[in-house]
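So the chains spell out like this:
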Amino acid sequence: QSRYVYDVLRRVCESPRCNHGPLRVPPPIVHLDDANTYWQTAWEGQSLSKTAKHSDWAIFFESDFAAQIAALLAALHQIDLENIALQAGPSLEQVIAAAREDRMNIIQFLPQRSEELQRVQRALEKLAAGWHAPMPRLIHGAFKLTQLLYRDDQLALVDFDAVACGDPLYDVSEFIASLEYLNISDDVPIAKINSKVEQFLTRYQQDVPWECARERIAFYVLVFLLGKIHSTLKKLEARASENLPGALDLLTKWLKLAEGYQ
């Protein structure tokens, strides 16, 4: 996939929307065909998530980074790449299948929570029924805190391995899920997270011409949370494992939101 990613990155960086505003992407330099490897310009920053973690998340939650990230993502989603064949992003069927697999794996660890997890699956399938596919856009495909670099209050986006043409709310929701799960992985108070989620969504909606349907966001967030819970159990992550009851509460919260939007 390296040649595909290199070609897409090169076109992204040629866009007037890139590196002239909120969206910064280190430009690719060269592709080494024999090694299936590409080189990018160095961007002398540090991981935003690691930097924020070292500050007990103060750097993130006491700043306007959530709004900056929303503007960055909105700019990416509005880049039109002509004459380049983007791979298709995850289909609705693939998303539902991934959620089903994560749910079944979680039940093997937590059989006593089978009923509530099945309720989540039924809600996902009900939300997906009759769902009209949105206008596909350029998406990052793995948009979360760990894909952002930080330097002098500026942000840059990296790791485009999953770049595709798909639903822009897929990216929006994966970022929201990565914020929500900080309550489980890092004990960040949920009130702080809720405030930043709303700030992120408000700015993103301001910057794009399409509707940010909350039921679609709730759908995807549920899917990503299932994946994160399964990952916690599989990797035996100590702090997150201790907070698993809270993770299941997050599922309940977003399930109620999803059902309320129906």
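Scroll up to find the structure.
Residues numbered from 1 in each chain as written. Predicted model: local features only at pLDDT ≥ 70, side-chain atom pairs only at ≥ 80, totals over all residues. Heavy atoms only, no water.

**Here we look at the overall build of the protein**
Turning to step 1, where the next piece is worked out: Along the protein, the regular secondary structure elements total 12 helices and 7 strands.
Turning to step 2, where the next piece is worked out: Taking 2.2 N^0.38 as the reference for a compact globule, 262 residues should give roughly 18 Å; the C-alpha atoms of the protein span a radius of gyration of 18 Å, in line with that estimate.
Turning to step 3, where the next piece is worked out: Oriented by its inertia axes, the alpha-carbon framework of the protein measures out at about 50 × 45 × 40 Å.
Turning to step 4, where the next piece is worked out: Here the protein holds 262 residues, and 51% of them are scored as buried.
Turning to step 5, where the next piece is worked out: The long-range fraction of contacts in the protein, counting pairs at least 24 apart against all pairs at least 6 apart in sequence, stands at 77%.
Turning to step 6, where the next piece is worked out: About 12,600 Å² of surface is accessible on the protein, with carbon and sulfur atoms providing 50% of the total.
Turning to step 7, where the next piece is worked out: Within the protein, the 34 negative side-chain charges are centred at a point lying 2 Å from the centre of the 27 positive side-chain charges. (Helix = DSSP H or I, 4+ residues; strand = E, 2+ residues; numbered from the N terminus. Rg over C-alpha atoms; globule rule 2.2 N^0.38 Å. Buried < 20%, exposed > 50% of the residue type's maximum accessible area, 1.4 Å probe, protein only. Contact = heavy atoms within 4.5 Å. Areas by Shrake-Rupley, 256 points an atom, 1.4 Å probe, with all protein chains shown as cover. Lys, Arg positive; Asp, Glu negative; His and termini not counted. Charge placed at Lys NZ, Arg CZ, Asp CG, Glu CD.)

**Quick word on the packing of aromatic side chains**
Turning to step 1, where the next piece is worked out: In total, this model carries 10 aromatic pairs according to the counting rule given.
Turning to step 2, where the next piece is worked out: For the pair Y170 and F224, a centre-to-centre distance of 5.1 Å together with 70° between the ring planes defines the contact as edge-to-face. Here Y170, found in helix α7 (residues 168-180), pairs with F224, found in helix α10 (residues 214-235); they are 54 residues apart in sequence, far enough to count as distant.
Turning to step 3, where the next piece is worked out: The exposure class assigned to F224 is buried, which follows from its relative accessible area of 13%.
Turning to step 4, where the next piece is worked out: Site record: aromatic cluster; members linked through ring pairs are W131, Y170, F219, Y220 and F224.
Turning to step 5, where the next piece is worked out: Across the ring face of W43, the terminal group of R151 is positioned such that the distance to the ring centre comes to 4.1 Å. (Phe/Tyr/Trp six-rings, centres within 6.5 Å; stacked < 30°, edge-to-face > 60°. Lys NZ or Arg CZ within 6 Å of the ring centre and 35° of its normal.)

**Examining the pattern of salt bridges**
Turning to step 1, where the next piece is worked out: Summed over the entire model, instances satisfying the criterion amount to 15 salt bridges.
Turning to step 2, where the next piece is worked out: Between D167 and R216 there is a salt bridge whose closest N-O contact spans 3.1 Å. You can see D167 sitting in the loop between β7 (164-166) and α7 and its partner R216 sitting in helix α10, a full 49 residues away along the chain.
Turning to step 3, where the next piece is worked out: A relative accessible area of 10% means that D167 is categorised as buried.
Turning to step 4, where the next piece is worked out: Judged by relative accessible area, R216 falls into the buried class, the value being 13%.
Turning to step 5, where the next piece is worked out: The salt bridge partner of R214 is E198, with a shortest N-O separation of 3.3 Å. Of this pair, R214 sits in helix α10 while E198 is found in helix α9 (residues 190-207), placing the two residues 16 residues apart along the sequence.
Turning to step 6, where the next piece is worked out: For E198, a relative accessible area of 36% puts it in the partly exposed group. (Salt bridge = Lys/Arg side-chain N within 4 Å of Asp/Glu carboxyl O.)

**Side note on the nonpolar core**
Soluble globular proteins tend to bury their nonpolar side chains together.
Turning to step 1, where the next piece is worked out: Ranked by internal contacts, the top residues of the largest apolar core, which has 91 residues, are F60, I69, Y204 and F219.
Turning to step 2, where the next piece is worked out: Here the element with the most residues in this core is α10; it accounts for 12 residues. (Core = buried A, V, L, I, M, F, W, Y, C linked by side-chain atoms within 4.5 Å.)

**Structural notes on the sheet that holds strand β5 (residues 148-151)**
Turning to step 1, where the next piece is worked out: Spatially, β3-β5-β6 is the arrangement adopted by the 3 strands of the open sheet, whose pairing is antiparallel. Of all the strands in the sheet, just β3 (46-47) and β6 (154-157) have a single pairing partner and so form its edges.
Turning to step 2, where the next piece is worked out: Sheet strands touched by helix α4 (residues 65-77): β5 and β6. Its angle to β6, the strand with the most contacts, is close to 40°. (Pairing = 2+ DSSP bridges. Axes fitted to C-alpha atoms, helices over the stretch in contact; angles between N-to-C directions.)

**What about the pairing of strand β2 (residues 37-40)?**
Turning to step 1, where the next piece is worked out: Looking at chain direction, strand β1 (residues 28-32) and β2 are connected through 4 bridges and run antiparallel. Counterpart to V30 in the pairing with β2 is W39.

**Structural notes on α9**
Along an α-helix, residues three or four positions apart point the same way, because every turn accommodates 3.6 residues.
Turning to step 1, where the next piece is worked out: The terminal C-alpha atoms of α9 lie 26 Å apart, and with 18 residues this matches the ideal 26 Å at 1.5 Å per residue to within 8%.
Turning to step 2, where the next piece is worked out: Buried within α9 are the following residues: I193, K196, V197, F200, L201 and Y204. Axial view of α9: buried residues confined to an arc of 135°, hence all on one face. Exposed residues pointing more than 90 degrees away from the buried face of α9 are listed as A191 and Q206. (Expected span 1.5 Å × (residues − 1). Arc of directions from axis to C-beta.)

**As for the packing of helix α6 (residues 114-128) against α10**
Turning to step 1, where the next piece is worked out: Look at α6 against α10: their axes get within 10 Å of each other, and the N-to-C directions meet at 140°. For the crossing formed where α6 meets α10, the hand is left-handed. Facing α6, whose interface residues are L117, V120, L124, L127 and A128, α10 presents E215, F219, L222, V223 and L226.
Turning to step 2, where the next piece is worked out: The class makeup of the residues in the contact of α6 with α10 is 9 nonpolar, no polar and 1 charged. (Left-handed = near helix turned anticlockwise from the far one by under 90°. Nonpolar A, V, L, I, M, F, W, Y, C, P; charged D, E, K, R; others polar.)

Purely spatial values, then, with no claim about function.
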